[in-house]
Amino acid sequence: MYDFAYHKPSSIADAVKLLTDDPDAKPVSGGMTLLPALKHRLNQPTALVDLSGIAELRDVRREGDALVIGAMVRHYEVATDPQIMAAIPALARMASTIGDTQVRNRGTIGGSIANNDPAADYPAAALALGATIVTDRRSIPADDFFLGMFTTALEPGELVTAISFPIPEKAGYAKLRNPASRYSMTGVFVARGPKGVGVGVNGAGPCAFRQAEMEAALAANWSVEAVAGVKQAPDDLNSDIHGSAEYRANLVTVMAKRAVADAG
Ligand SMILES: Cc1cc2nc3c(=O)[nH]c(=O)nc-3n(C[C@H](O)[C@H](O)[C@H](O)COP(=O)(O)OP(=O)(O)OC[C@H]3O[C@@H](n4cnc5c(N)ncnc54)[C@H](O)[C@@H]3O)c2cc1C
């Protein structure tokens, strides 16, 4: 570790001011990704702006037909919050599969969305459900938010404050976990709701993406059989020691079938 300043503001406005005044400062939510990066000196911010003292970021509320989850809501809370379990049970089940107990107790939905790890779970859910990422200055549709590996539409100093999920009629999720890290080798989130049918895929490519052929197949016929016949092309998918692009392409179909079965 090396020296850096530490701030713990109690409002979004104060946090944004700290980040704007010092372009080399970084927000920290649970520190699950950022602190290891600091220890390895992959990241050397001049200051950390700890978001854990901002009460409004911990809110979970219904807003019309949407469920709005504050950025600082931790994975354990997403998995167990009665409002989330009632409105989008697949999202709660998904959160319960993230990492291990320690990670779920520290990691946050906002940190995960802002980090945009290709193998993270939430981006696939946000894409499939047609979520909107709310920041301190604007609202960004999920389709426009996840730009590439660890890259999002966030501007310097911009904070994710909440994620607004339209409440679906049906949704389901399935992933094959990497047995060591528990991150997704490939995961598929399916949803049918006010914005139509959405199929989001994580872990398979350099960034979470929507599977348009599966969306069309499910829109015509919501069934396991409808996605069973749709093959994902391996082009542009990840290939590493854990699995080839062809293996991951096959997993997209397998996980989509399981996700539709999970949705019922
Ligand atoms: C062992 C292990 C296993 C894991 N397994 C999984 C898994 O199975 N599935 C999964 O999805 N994830 C997994 N994760 C990731 C974990 O769930 C966290 O969500 C992720 O590491 C982000 O952590 P955090 O919320 O603590 O954010 P931090 O580490 O605090 O921040 C991450 C990044 O986002 C920025 N940031 C944080 N909050 C905001 C905000 N509100 N606005 C803008 N920028 C922000 C930070 O500056 C930093 O760059 C795993 C992590 C570990 C260590």
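These numbers were taken from a predicted model, which means no experiment stands behind them. Think of each chain on its own: its residues are numbered from 1, step by step along the sequence as written. Note on the predicted model: pLDDT of at least 70 is required for a residue's local features to be given, and 80 or more for side-chain atom pairs to be given and counted; whole-chain, interface and lining totals, by contrast, use all residues.

### Some remarks on the overall build of the protein
We count it as follows: Helix and strand labels come from DSSP, where a helix needs a run of H or I of at least four residues and a strand needs a run of E of at least two; each type is numbered from the N terminus. We take the radius of gyration over the C-alpha atoms and set the globule estimate at 2.2 Å times the residue count to the 0.38 power. C-beta atoms are first placed from the backbone for all residues, and any pair lying within 7 Å is then listed as a contact.
Along the protein, the regular secondary structure elements total twelve helices and 14 strands. For 264 residues, the compact-globule formula gives about 18 Å, and the C-alpha radius of gyration of the protein, at 18 Å, lands near that figure. The contacts of the protein with a sequence gap of at least 6 include a subset with a gap of at least 24, amounting to 62%.

### Things to note about helix α12 (residues 245-263)
Going by this rule: Take the residue count of a helix, subtract one, and multiply by 1.5 Å to get its expected span. With C-beta atoms placed from the backbone, a residue is labelled by how many other C-beta atoms lie within 10 Å of its own: buried for 20 or more, exposed for 12 or fewer, partly exposed between the two.
Compared with the 27 Å implied by 1.5 Å per residue over 19 residues, the 27 Å span of α12 between its first and last C-alpha is a close match. Among the residues of α12, R248, L251, V252, M255, A256, K257, R258, A259, V260, D262 and A263 are the ones counted as buried. The elements touched by buried residues of α12 are α5 (89-95), β11 (170-177), β12 (184-193), β13 (196-202), α10 (212-220) and α11 (224-228). In the segment just after α12, G264 is the residue with positive phi, at about 85 degrees.

### What to know about the sheet that holds strand β1 (residues 5-7)
In plain terms, the rule: Only when DSSP finds a minimum of two bridges between them are two strands counted as paired. The angle between two axes is taken between their N-to-C directions and runs from 0 to 180 degrees, where each axis is a line fitted to C-alpha atoms and a helix contributes only its stretch in contact.
Pairing within the open sheet is parallel, and its three strands lie in the order β1-β3-β2. Whereas interior strands pair on both sides, the edge strands pair on one side only; in this sheet they are β1 and β2 (25-28). Strand-to-strand twist in this sheet, taken as the mean axis angle between neighbours without regard to direction, amounts to 25 degrees. Where β2 and strand β3 (residues 47-50) come together, four bridges link them in parallel fashion. Looking at β3, one finds that K26 is bridged to L48. Helix α1 (residues 12-21) rests against β1, β2 and β3 of the sheet, and its axis sits at about 150 degrees to β2.

### Re the site of the ligand
Put simply, the rule is: To decide whether a residue is near a molecule or strand, its C-beta atom is placed from the backbone and checked for lying within 6 Å of it. When residues are grouped by polarity, Ala, Val, Leu, Ile, Met, Phe, Trp, Tyr, Cys and Pro land in nonpolar, Asp, Glu, Lys and Arg in charged, and all others, Gly among them, in polar.
Around the ligand, the surrounding shell holds 32 residues, and the nearest of these are G30, G99, G107, G111 and A114. Going through the elements one at a time, β2, α6 (101-106) and α7 (109-115) are the ones with two or more residues in the shell around the ligand. A per-element tally of the shell around the ligand places α7 first, with five residues. Of the residues assigned to the shell around the ligand, the class counts are 15 nonpolar, 13 polar and four charged.

### Some details on the environment of Q44
Topologically, Q44 is positioned in the loop between α2 (34-39) and β3. Separated by 73 residues in sequence, Q44 and D117 have C-alpha atoms that sit 19 Å apart.

### Description of α1
Spelled out, the test is: Regarding the arc, it is the one traced by the directions from the helix axis to the C-beta atoms.
Restricting attention to buried positions, one finds in α1 the residues A15, V16 and L19. One side of α1 carries all its buried residues, which in axial view fall inside an arc of 95 degrees. Opposite its buried face, α1 presents the exposed residues A13 and D21, each directed more than 90 degrees away. Those residues of α1 hidden inside the fold are in contact with β2 and β3.

### Overview of the pairing of strand β6 (residues 132-135)
Every second residue of β6 is oriented toward a common face, with T132 and V134 on one face and I133 and T135 on the other, all of them buried. Two elements, β6 and strand β7 (residues 139-141), share three bridges in a ladder whose sense is antiparallel. When the bridges of β7 are listed, V134 appears paired with S139. Counted between consecutive antiparallel strands, the loop separating β6 from β7 contains three residues. Two strands pair when backbone bridges link them, and β6 and strand β10 (residues 160-166) are joined in this way by four bridges, in the antiparallel orientation. Looking across to β10, one finds that T132 is bridged to S164.

### A closer look at the pairing of strand β5 (residues 66-70)
In the sheet, strand β4 (residues 60-63) pairs with β5 via four bridges, with the strands oriented antiparallel. In the strand pairing of β5, R62 is matched with L67. Between β4 and β5, which follow one another and run antiparallel, lie two residues, and G64 among them has a positive phi close to 60 degrees. Where β5 meets β10, five bridges bridge the pair, whose relative direction is antiparallel.

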